[in-house]
Amino acid sequence: MICVLTGGTGGAKFVDGLRQVIPPEEITLIVNTGDDLLWWGLYVSPDIDSITYVLSGLLSRERGWGVKGDTFLCLQAMGQLGEPTWFHTGDRDLAVHLLRSRLLAEGKTLSEATSTICDKLGVKARILPMSDSRVETRVDTPSGELSFEEYFVQRWYQDPVHSVRFAGASDAEPAPGVIEAIVSADAVLVAPSNPITSIGPILAVPGVREALRRARGKVAAVSPIIGNAPVAGPAGILMAAHGLPCSIAGVAKAYEDFLDVLICDTKDARAAEALRANGLRVECAQTIMRSVEDKAALARTVLSFAVGGLLSEERVSGRPAARAASDQP
Ligand code: GDP
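None of the values given here were measured: they were computed from a predicted structure. (Residues numbered from 1 in each chain as written. Predicted model: local features only at pLDDT ≥ 70, side-chain atom pairs only at ≥ 80, totals over all residues. Heavy atoms only, no water.)

For the protein, the helix and strand inventory stands at 15 helices and 14 strands. On C-alpha atoms alone, the protein measures out to a radius of gyration of 19 Å, which is about the 20 Å that the 2.2 N^0.38 rule sets for 329 residues. Taken along its principal axes, the extent of the C-alpha atoms in the protein is 60 × 45 × 35 Å. Every one of the 329 residues in the protein was classed for burial, and the buried ones make up 55%. Restricting the contact set of the protein to residue pairs at least 6 apart, pairs at least 24 apart contribute 68%. For the protein, the exposed surface amounts to about 13700 Å²; the carbon and sulfur share of it is 53%. Side-chain charges of the protein comprise 32 positive and 39 negative groups, with the mean position of each set lying 4 Å from the other. (Helix = DSSP H or I, 4+ residues; strand = E, 2+ residues; numbered from the N terminus. Rg over C-alpha atoms; globule rule 2.2 N^0.38 Å. Buried < 20%, exposed > 50% of the residue type's maximum accessible area, 1.4 Å probe, protein only. Contact = heavy atoms within 4.5 Å. Areas by Shrake-Rupley, 256 points an atom, 1.4 Å probe, with all protein chains shown as cover. Lys, Arg positive; Asp, Glu negative; His and termini not counted. Charge placed at Lys NZ, Arg CZ, Asp CG, Glu CD.)

Shown next, in the form of structure tokens:
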């Protein structure tokens, strides 16, 4: 069993690779819910949705979020009614938000609602929200405190950031299965997601960091930072707000209490050498995921570093990339 901590678009790309090289039944995903929001009265969980769509083959790889080929008629109609339209939800995507909201209104937990939606969409991997309690990522800026989606989607992450906090985290409990999945996995993989706002909320749930420290398997993280910049998005700004350098050293520092292996890009070979001198195992690989093949290759490489001989060559080479290639948007 492989456990993956993930959130956002970087994580979704990585999981798209992983699903090509190991059977989905052997993957448990622990997903950030700090970005969740109420939109038009519906409960939207953007990172759970992205991972659900990746694993059901529904994700629009073009956009990196939402359902491929989706239409936006409801969005248009809501705009005509004077409702806000800055957060884009496609029509098929909305069906998932409607179903999740109904299940929650009936008293189901977010884990139960997620499991029901996964079953209906044929997802065979296990997707666990980090917590069933509400934990909200709040970004403190000179214009006041913003929710993550306000900061990222509505305002295009243009505001300077003083700090980030995870409201509700100290009282939250990990969702059922989260701690066991981390502790008992053959390897725990931290996806190349934003370390502050995608992985940070998961780590803020009490008990998660401690579980990572006592995990039976190795904990391996893929760096979302190459050189001194993220591949995309505001990770650098947010890391700086937390006193972390925007570099692989900053990623290593964010995960220092539990990390066994850091996988960084081959362009960071020199920085990797410096980190190794401090005693961390650092491996270099091609980490930019542009194509379906890139994603599968990175997943294979990360698995080989994290589990080595535990998975046979045949298992790790897995399904042909051609199948996933047919899932283009
Ligand atoms: P956000 O966009 O900052 O909210 O962060 P997400 O967690 O959604 O994922 C984006 C993160 O993934 C960014 O920090 C990117 O640098 C990283 N990322 C995106 N694509 C790639 C890639 O192909 N390779 C690597 N190594 N990182 C990536």
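A separate point is the packing of helix H1 (residues 8–21) against helix H2 (residues 46–55). Where H1 meets H2, the axes come as close as 9 Å, and the angle between the chain directions of the two elements is 25 degrees. The angle between H1 and H2 falls in the class roughly parallel. Between H1 and H2 the crossing geometry is right-handed. Judged by residue contacts, Gly8, Gly11, Ala12, Val15, Asp16 and Arg19 of H1 engage Asp47, Ser50, Ile51, Val54 and Leu55 from H2. Residues of the contact of H1 with H2, tallied by class, amount to 5 nonpolar, 3 polar and 3 charged. (Axes fitted to C-alpha atoms, helices over the stretch in contact; angles between N-to-C directions. Parallel < 35°, antiparallel > 145°, perpendicular 65-115°, else oblique. Left-handed = near helix turned anticlockwise from the far one by under 90°. Nonpolar A, V, L, I, M, F, W, Y, C, P; charged D, E, K, R; others polar.)

Turning our attention to the site of the ligand. The full set close to the ligand counts 21 residues, and Pro192, Ser198, Pro224, Val231 and Thr287 are the nearest of them. At 2.8 Å, a backbone N or O of Thr9 approaches an oxygen atom of the ligand. Taken by itself the ligand offers 580 Å² of open surface, and the protein chains cover 97% of this. Those elements giving two or more residues to the shell around the ligand turn out to be H1 and helix H6 (148–154). The residue makeup of the shell around the ligand, split by class, is 11 nonpolar, 9 polar and 1 charged. (Near = heavy atom within 4 Å. Polar contact = N/O pair within 3.5 Å; in protein donor to acceptor, adjacent residues only side chain to side chain.)

Leu5, Ile182 and Tyr255 are the most contacted members of the largest nonpolar core, which has 54 residues in total. Looking at which element gives the most residues to this core, the answer is helix H7 (residues 178–184), with 5 residues. The residues touching Tyr255, leaving out its near neighbours within four places in the chain, are Val190, Ser193, Pro195, Ile199, Leu203 and Ala221. Membership of the second largest hydrophobic core comes to 43 residues, among which are Ile51, Val54, Ile127 and Leu298. (Core = buried A, V, L, I, M, F, W, Y, C linked by side-chain atoms within 4.5 Å.)

What follows concerns the packing of helix H4 (residues 91–105) against helix H5 (residues 110–120). Running from N to C, H4 and H5 cross one another at 140 degrees; their axes reach a closest spacing of 9 Å. Of the possible angle classes, the one that applies to H4 and H5 is oblique. Viewed along their axes, H4 and H5 form a crossing whose handedness is right-handed. Contact residues: Val96, Leu99, Arg100, Leu103 and Leu104 in H4; Leu110, Ala113, Thr116, Ile117 and Lys120 in H5.

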